[in-house]
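Results of the structural survey
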Protein chains: 4
Amino acid sequence: MTFKLLRMGTVPERLIEAATRLFADKGFDRVAVQEIVDLAGVTKGAMYHYFGSKDDLLHEIYGSLLRMQTERLDRFASGPAPVADRLHAAALDVVVTSVENFDQAKVYFRSADQLAESQRLAMRAERRRYHERFRSLVEEGQAAGVFRTDVPADLTVHYFFGAVHHLGAWYHASGTLSAKQIGRHYADLLLSSLRA
Amino acid sequence: MTFKLLRMGTVPERLIEAATRLFADKGFDRVAVQEIVDLAGVTKGAMYHYFGSKDDLLHEIYGSLLRMQTERLDRFASGPAPVADRLHAAALDVVVTSVENFDQAKVYFRSADQLAESQRLAMRAERRRYHERFRSLVEEGQAAGVFRTDVPADLTVHYFFGAVHHLGAWYHASGTLSAKQIGRHYADLLLSSLRA
Amino acid sequence: MTFKLLRMGTVPERLIEAATRLFADKGFDRVAVQEIVDLAGVTKGAMYHYFGSKDDLLHEIYGSLLRMQTERLDRFASGPAPVADRLHAAALDVVVTSVENFDQAKVYFRSADQLAESQRLAMRAERRRYHERFRSLVEEGQAAGVFRTDVPADLTVHYFFGAVHHLGAWYHASGTLSAKQIGRHYADLLLSSLRA
Amino acid sequence: MTFKLLRMGTVPERLIEAATRLFADKGFDRVAVQEIVDLAGVTKGAMYHYFGSKDDLLHEIYGSLLRMQTERLDRFASGPAPVADRLHAAALDVVVTSVENFDQAKVYFRSADQLAESQRLAMRAERRRYHERFRSLVEEGQAAGVFRTDVPADLTVHYFFGAVHHLGAWYHASGTLSAKQIGRHYADLLLSSLRA
DNA sequence: GATGAATGAGATTTCATTCAT
DNA sequence: CATGAATGAAATCTCATTCAT
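Residues numbered from 1 in each chain as written. Chains lettered and ligands numbered in written order. Predicted model: local features only at pLDDT ≥ 70, side-chain atom pairs only at ≥ 80, totals over all residues. Heavy atoms only, no water.

**Brief notes about the protein's contact with DNA strand E**
Taken together, 29 residues sit near DNA strand E, with His49 and Tyr50 of chain A, Thr43 and Tyr50 of chain C together with Tyr48 of chain D positioned nearest. Near-protein atoms of DNA strand E (within 4 Å) split between backbone and bases, with sugar and phosphate holding 68%. At 2.3 Å from a phosphate oxygen of DNA strand E is found a side-chain nitrogen or oxygen belonging to histidine 49 of chain A. Valine 31 of chain D places a main-chain nitrogen or oxygen 3.4 Å from a phosphate oxygen of DNA strand E. Elements supplying a minimum of two residues to the surface near DNA strand E: helix H3 (44-50) of chain A, helix H3 (44-50) of chain B, helix H3 (44-50) of chain C together with helix H3 (44-50) of chain D. (Near = heavy atom within 4 Å. Polar contact = N/O pair within 3.5 Å; in protein donor to acceptor, adjacent residues only side chain to side chain. Helix = DSSP H or I, 4+ residues; strand = E, 2+ residues; numbered from the N terminus.)

**Focus: helix H4 (residues 54-77) of chain A**
Within an α-helix, residues lying three or four positions from one another point in the same direction, as the helix has 3.6 residues per turn. Residue and element names in this part refer to chain A. For H4, built from 24 residues, the straight-helix expectation of 34 Å at 1.5 Å per residue is met to within 8% by its first-to-last C-alpha distance of 35 Å. Of the positions making up H4, those classed as buried are Lys54, Leu57, Leu58, Ile61, Tyr62, Gly63, Leu65, Leu66, Gln69, Thr70, Leu73 and Ala77. Check the buried side of H4 and you find it contacts helix H1 (11-26), helix H2 (33-40), H3, helix H5 (83-100), helix H6 (102-110) and helix H7 (117-143). The backbone nitrogen of aspartate 55 has a side-chain oxygen 3.3 Å away, supplied by the residue at the start of H4, namely serine 53. (Expected span 1.5 Å × (residues − 1). Buried < 20%, exposed > 50% of the residue type's maximum accessible area, 1.4 Å probe, protein only. Contact = heavy atoms within 4.5 Å.)

**Points about the protein's contact with DNA strand F**
DNA strand F sits among 28 residues. The nearest are Thr43 and Tyr50 of chain B together with Gly45, His49 and Tyr50 of chain D. The sugar and phosphate moieties of DNA strand F supply 65% of its atoms located within 4 Å of the protein. Within the backbone of valine 31 of chain C, a nitrogen or oxygen atom sits 3.4 Å from a phosphate oxygen of DNA strand F. Sorting the residues of the surface near DNA strand F by element identifies H3 of chain A, H3 of chain B, H3 of chain C together with H3 of chain D as the ones contributing at least two each. At 5 residues, the largest contribution of residues to the surface near DNA strand F is made by H3 of chain B.

**Quick notes on the UniProt feature "DNA-binding region" (unreviewed entry) in chain A**
In the numbering used here, UniProt assigns the feature "DNA-binding region" (unreviewed entry) to residues 32-51 of chain A. Between the end C-alpha atoms of residues 32-51 of chain A there is a gap of 15 Å, over a span that is 75% helix and 0% strand. (UniProt positions renumbered as here; feature names shortened; annotations may be inferred.)

**Focus on the relation of the copies chain C and chain D**
Superposing chain C onto chain D takes a rotation of 180 degrees plus a shift of 0.1 Å along the axis, which leaves an RMSD of 0.1 Å. Classification of the inter-copy transformation places it as that of a two-fold axis. Take the interface residues of chain C: 100% of them recur as interface residues in chain D, which is what a same-surface contact looks like. (Least-squares fit on C-alpha atoms with pLDDT ≥ 70 in both.)

**Structural notes on the domain arrangement of chain A**
Residues and elements named next belong to chain A. Taken domain by domain, chain A holds domain 1 (11-50) and domain 2 (54-194). Look at where the C-alpha atoms of domain 1 and domain 2 centre, and you get two points 27 Å apart. Carbon and sulfur atoms make up 72% of the surface buried where domain 1 meets domain 2, a total of about 1,300 Å² over both sides. The tally of links between domain 1 and domain 2 comes to 0 salt bridges. When residues in the side of domain 1 that touches domain 2 are grouped by element, the largest group, 8 residues, is from H1. (Domains from an automatic or database assignment. Buried area = accessible area lost by both parts, 1.4 Å probe. Salt bridge = Lys/Arg side-chain N within 4 Å of Asp/Glu carboxyl O.)

**Here we look at the arrangement of the chains**
There is a clear gap between chain B and chain C: no contact, and 31 Å between their nearest C-alpha atoms. At their nearest point, the C-alpha atoms of chain A and chain D are still 21 Å apart, with no contact between the two.

**Side note on the interface of chain A and chain B**
With 30 residues of chain A in contact, the opposing surface of chain B contributes 30 residues. Buried area between chain A and chain B, summed over both chains or domains, comes out near 2,800 Å², and the portion from carbon and sulfur atoms is 63%. Three residues stand out in chain A for area buried against chain B, namely Arg30, Tyr159 and Leu189 of chain A, and they jointly supply 27% of the buried area on that side. Where chain A packs against chain B, one counts 4 salt bridges. The residue aspartate 113 of chain A makes a salt bridge to arginine 110 of chain B at a minimum N-O spacing of 3.2 Å. In this structure, the connection of chain A to chain B is made through 10 residue pairs in polar contact (both at pLDDT 80 or more).

**Looking at the packing of helix H1 (residues 11-26) of chain C against helix H2 (residues 33-40) of chain C**
Residues and elements named next belong to chain C. At a minimum axis distance of 8 Å, the contact between H1 and H2 shows a crossing angle of 130 degrees. Relative to H2, H1 is oriented oblique. As for the relative orientation of H1 and H2, their crossing is right-handed in sense. Counted together, Arg14, Leu15, Ala18, Ala19, Leu22, Phe23 and Lys26 of H1 and Glu35, Ile36, Val37, Leu39 and Ala40 of H2 form the full contact between these two elements. Considered class by class, the residues forming the contact of H1 with H2 number 9 nonpolar, no polar and 3 charged. (Axes fitted to C-alpha atoms, helices over the stretch in contact; angles between N-to-C directions. Parallel < 35°, antiparallel > 145°, perpendicular 65-115°, else oblique. Left-handed = near helix turned anticlockwise from the far one by under 90°. Nonpolar A, V, L, I, M, F, W, Y, C, P; charged D, E, K, R; others polar.)

**A short note on the packing of aromatic side chains**
Summed over all chains, the structure comprises 43 aromatic pairs over all chains. What links up through ring pairs into an aromatic cluster is the set Tyr130, Phe134, Tyr159, Phe160, Phe161 and Tyr186 of chain A together with Tyr130, Phe134, Tyr159, Phe160, Phe161 and Tyr186 of chain B. Sitting above the plane of the phenylalanine 28 of chain A ring, lysine 54 of chain A keeps its charged end 4.4 Å from the centroid. (Phe/Tyr/Trp six-rings, centres within 6.5 Å; stacked < 30°, edge-to-face > 60°. Lys NZ or Arg CZ within 6 Å of the ring centre and 35° of its normal.)

**Section: the UniProt feature "domain: HTH tetR-type" (unreviewed entry) in chain A**
With numbering matched to this structure, UniProt assigns "domain: HTH tetR-type" (unreviewed entry) to residues 9-69 of chain A. Taken end to end, residues 9-69 of chain A is 77% helix and 0% strand, and its first and last C-alpha atoms sit 24 Å apart.

**Describing helix H6 (residues 102-110) of chain C**
Residues and elements named next belong to chain C. Buried residues dominate H6, accounting for 7 of its 9 residues. Considered for burial, the residues of H6 that qualify are Phe102, Gln104, Ala105, Lys106, Val107, Tyr108 and Phe109. Looking at the buried positions of H6, the neighbouring elements they touch are H1, helix H4 (54-77), helix H5 (83-100), helix H7 (117-143) and helix H8 (153-170).

**Structural notes on the interface of chain C and chain D**
Chain C puts 30 residues into the contact, and the matching count from chain D is 30 residues. Taken together, both faces of the contact between chain C and chain D bury some 2,800 Å²; the carbon and sulfur share is 63%. Taken as a group, Arg30, Tyr159 and Leu189 of chain C account for 27% of the area that chain C buries against chain D, more than any other trio of residues on that side. There are 4 salt bridges connecting chain C and chain D. Across the contact surface, chain C and chain D share 10 residue pairs in polar contact (both at pLDDT 80 or more). At the level of secondary structure, the elements contributing two or more residues to the side of chain C that touches chain D comprise H8 and helix H9 (179-194) of chain C. The dominant element in the side of chain C that touches chain D, judged by the number of residues it contributes, is H8 of chain C, at 11 residues.

This is the structure we're talking about:
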């Protein structure tokens, strides 16, 4: 697959966009800095003016999606609705936002291990917080007696996010299902599997 | 993480084992051929005597797990038991074998995109057959009226295998759950989510 | 070692001071223009406003010490005192001024070869004049019969300035000897070695 | 200055020789790996097959001269002759061997600061041992009453080795003095300056 | 006067693969 | 069967300098 030269936005924006597309398409390790700057229509020097390293680009892309999803989860988890509804909404939302930012999500799903040592720890902590927030919703449902308790909440959350991460492996925009439809199915499957 | 020099088995076996460990640990692109042969206790010449390329090693590891799981799925799917039981057994089995061959599974889960062009197509076809066999079990249950039909079987299968692939991201041998326990939980969640 | 942002003096003065410290610390080739302007608290544009190039900075530092020492040598060499006394005073003085302007001296001692082609010739000629003036003092003593003649004056001068240049390799302000004490010892050693 | 393609010796030998000439001529930081391998008549890959880095080449050159001179100093210092004779012989020898291995010596004299962090400490320790061995000769002479005691032995040794290091700045093979003549003059100047 | 974004050339290093022995 | 020296292409990154504002 080839992409058209990017012409809009500031240089760092174009670089991030170019990197996102290419990392999503071929994986971090298979993308040369030269390809990124070519797609962004600048020179390598310009890239290193704005980003300290190729790793930094990944970190930026990775972190920005993680921040967005953390923030949205917070909103969805903290409403007044019954816990099952809140969990359903949160599950649906994470699928929809992943599909709507699909390149970014693909980078996110596949490249945690490619982060530089220093960034890896910080990102891992952030991801764990996200995981735990989601898990606490499940536990809340268990405590309320609406979710089964024979399967550990932790495991259920891993199970669900596995499904979400796997979107990157099979979803294509050309498919018949919309982001929302997929999200609803995913959320339905999660809720069904949890029903007490 | 560092590994001990491998001393047992034939040269090609040692090479496969070394490559499996290293690919699982760092990802295909981050492993140098030199590291593999060092761990296997041989030289590069020896490796190129037995394998045509680094890609071949990946192909071998990838293909052998895929073959094994395809074969086992065939056995589990074709029994005389009720379809729900057969699906449960198949789901449990794929989790158990993935955990029991964890390094190989990690390589498998993460490296589909790293396969060389020529091998990629063949492997993709094989994987699709596997996916379709599993899906046909779900469809059989839908036809029999024991599984819900409002969620497409295809999507359910992606959902479940997403969960399985994600094992590589969180499972550690040191955890409290055994392979079988995890497999049972996973299979239970799958069956619950499918119940009509 | 890190240095504090320079805040005093005019912009070109701060640039010279920053460059002097950094060149002394790491050597000309290991210092980036960016570091110099960071330490001086200005931007690159400012530097290129005042200096034509990084080489120019070195040239400035190099030349200013050389000019100072040439001038002082002239004063010390041309007095009415006996030649041995004048040589002793000159030798002492070059050590003292080198220690008192230690960063500048370190740059001077180490960086003759880093000067740009065009500047190198001019500086070499200037240095040779300095060397010859010093040598002529030695020759004057030889002619007067107070210095030995079996060792060529030229060689003695190289010998002594080798010792002086080497100060940059071992002297630290934290040592027990003062600039003057070191200078006296050096001058004593020179005079002793020359005694007829 | 340009050099002729090296054709003799093993590849690592040619690389060391090429690096020695070029480092001596232009200084470590001004020599590109490409120049070294061109002069040695091999490719960059070959160089990195034998040496881990450009730093390693410097370390090798630096260390081999240091080892040689340490060993020779040991021999000269430990004889039965009077201490003044032993010091004279040692001083003469270090000059002669420096001149006879002039390229290596020039690299050694100028490049201590360019050594990589890890190697710098080891080399510094080794150099200090050398310095101390030389100093102990001076102290022995002071204790024996044949050398002056008003100038610290330490300082005298720095003084002398400054002169030796400076050879790299002025000596040329085309000069009128032979290595031995220079050595004798240097040793004479040292001994004269030390006479009680 | 001063900024700092951008360039472009070149630096070191890596690595899968080949091949003479 | 097996070695390991050598290649050559490509990777990431650095940096002095320029120039529109």
